[in-house]
Amino acid sequence: MVEFGEQLRKAREEKGMTQQSLAEQLYVSRQSVSHWECGDRYPDLVTAKKISQVLDVSLDDLLSGKEMIKVVERNPVVENKTINNLTIALLALIALSYFWEIAWRAMFWYVDKDSSFFSEWSVALGPMILVIVFSYGLYHAVRDTLTPKHIGVILITYFAIELIIHGGFYLSNIGRSITEIKEYSRGADKQYLIKSFLGFQLRGVLTVFLPYILGIVASFFHFIRKGMRKLWVNMIIIAASIKIIDSIYLFVISIANQKFEVANSSNVEYFVVDFVIKESVAQAILDIALCILIIYQVITLYRKRRNAFDLSGEKEIAEATT
């Protein structure tokens, strides 16, 4: 079977066009056309349709069904330059935020000689991994090679590390809470502790275990296994939406606590309040922006795959659907 690059070169030469003249009609660079003809890259399906119109050939003559699917899997998920630039900026900020957390842990351990080296650096291990992961994503976003598999690796690692960190926090409190409850044999205090314990664990299930487990499973099937089921898309959207709501909730609670502190304390340290508010705003913006980006990437990839499968035929859809 003749590859797309060779078909494109033959069709362009038969039309009497140079790479530059074709590039000008497609509003892309000559280097892009050269990459397509060499087989290094594929154009997106919208551009492929435009190529078929410019060169007066059918899309089927340029791309086989399997090649249409390869277009989606080998190209970056986000091909819009503006959104890709925003993705680059967001990934850079997220990587820096985790790096800041590592630096803070290091300085705290250095200043406080009573702090345990193991406890401080074990806590910093998660952020260290996430710095590497988001830097990996940043590298590919800058190179315009952030493919579905790359995004899948990033998301699975992100969800898994967050599950370990935050899930471990909730699990570690179970034993301590049960011990406190046992100390109260009866009375309103015991009932209050039981209700608080159940509410605390319920929040952990809804805002930590549920979204992160959904995110891990769905990211694997949607991005890595190339799944086309709408179920995986919906699972990731639900997971991201829960985190958006939780980020807003935590931000509101943080601001309310600082307001209460200022109103009711006579020895308020305003620089601490200012720092906490700024950190809360920055964290909420980063978390919400990341979740919105995840939702955008998931929906974009689903639509691109569906478009490719519709063009390639029902047989390939059945074979590729997971």
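The structure we're discussing is the one just above.
In this report, we go over the structure that sits alongside the text. The structure displayed is predicted, hence computed values, not measured ones. (Residues numbered from 1 in each chain as written. Predicted model: local features only at pLDDT ≥ 70, side-chain atom pairs only at ≥ 80, totals over all residues. Heavy atoms only, no water.)

### Description of the overall build of the protein
Inference 1: Scanning the protein for helices and strands turns up 13 helices and zero strands.
Inference 2: Counting from the amino terminus, helix and strand elements in the protein follow one another as α-α-α-α-α-α-α-α-α-α-α-α-α.
Inference 3: When burial is assessed residue by residue, the protein has 40% of its 322 residues classed as buried.
Inference 4: Counting every atom, the protein has about 18,300 Å² of accessible surface; 63% of that belongs to carbon and sulfur. (Helix = DSSP H or I, 4+ residues; strand = E, 2+ residues; numbered from the N terminus. Buried < 20%, exposed > 50% of the residue type's maximum accessible area, 1.4 Å probe, protein only. Areas by Shrake-Rupley, 256 points an atom, 1.4 Å probe, with all protein chains shown as cover.)

### Here we look at the packing of aromatic side chains
Inference 1: Applying the stated criterion across every chain yields a total of nine aromatic pairs.
Inference 2: Between Phe134 and Tyr158, the aromatic rings sit 5.8 Å apart at their centres with planes inclined by 75°, giving edge-to-face as the arrangement. Of this pair, Phe134 sits in helix H8 (residues 117-142) while Tyr158 is found in helix H9 (residues 148-183), placing the two residues 24 residues apart along the sequence.
Inference 3: The exposure class assigned to Tyr158 is buried, which follows from its relative accessible area of 8%. (Phe/Tyr/Trp six-rings, centres within 6.5 Å; stacked < 30°, edge-to-face > 60°.)

### Focus: the packing of helix H2 (residues 19-26) against helix H3 (residues 30-38)
The packing of two helices is summarised by the inter-axis angle and the distance between the axes.
Inference 1: Between H2 and H3, the least distance of the axes is 8 Å, while the angle of their chain directions is 110°. With respect to H3, the element H2 is oriented roughly perpendicular. Pair H2 / H3 crosses with right-handed handedness. Here Gln19, Gln20, Leu22, Ala23 and Leu26 of H2 come into contact with H3, specifically with Arg30, Val33, Ser34, Trp36 and Glu37.
Inference 2: For the contact of H2 with H3, a count of residues per class yields five nonpolar, three polar and two charged. (Axes fitted to C-alpha atoms, helices over the stretch in contact; angles between N-to-C directions. Parallel < 35°, antiparallel > 145°, perpendicular 65-115°, else oblique. Left-handed = near helix turned anticlockwise from the far one by under 90°. Contact = heavy atoms within 4.5 Å. Nonpolar A, V, L, I, M, F, W, Y, C, P; charged D, E, K, R; others polar.)

### A word on the nonpolar core
A general tendency of soluble globular proteins is for nonpolar side chains to be buried together.
Inference 1: Formed by 64 residues in total, the largest nonpolar core has its most connected members in Phe4, Leu22, Ile51, Leu55, Leu63 and Phe134.
Inference 2: Here the element with the most residues in this core is helix H12 (residues 270-312); it accounts for nine residues.
Inference 3: Look past the residues within four positions of Phe4 in its chain and what remains in contact with it is Trp36, Tyr42, Pro43, Ile51, Leu62, Leu63 and Glu67. (Core = buried A, V, L, I, M, F, W, Y, C linked by side-chain atoms within 4.5 Å.)

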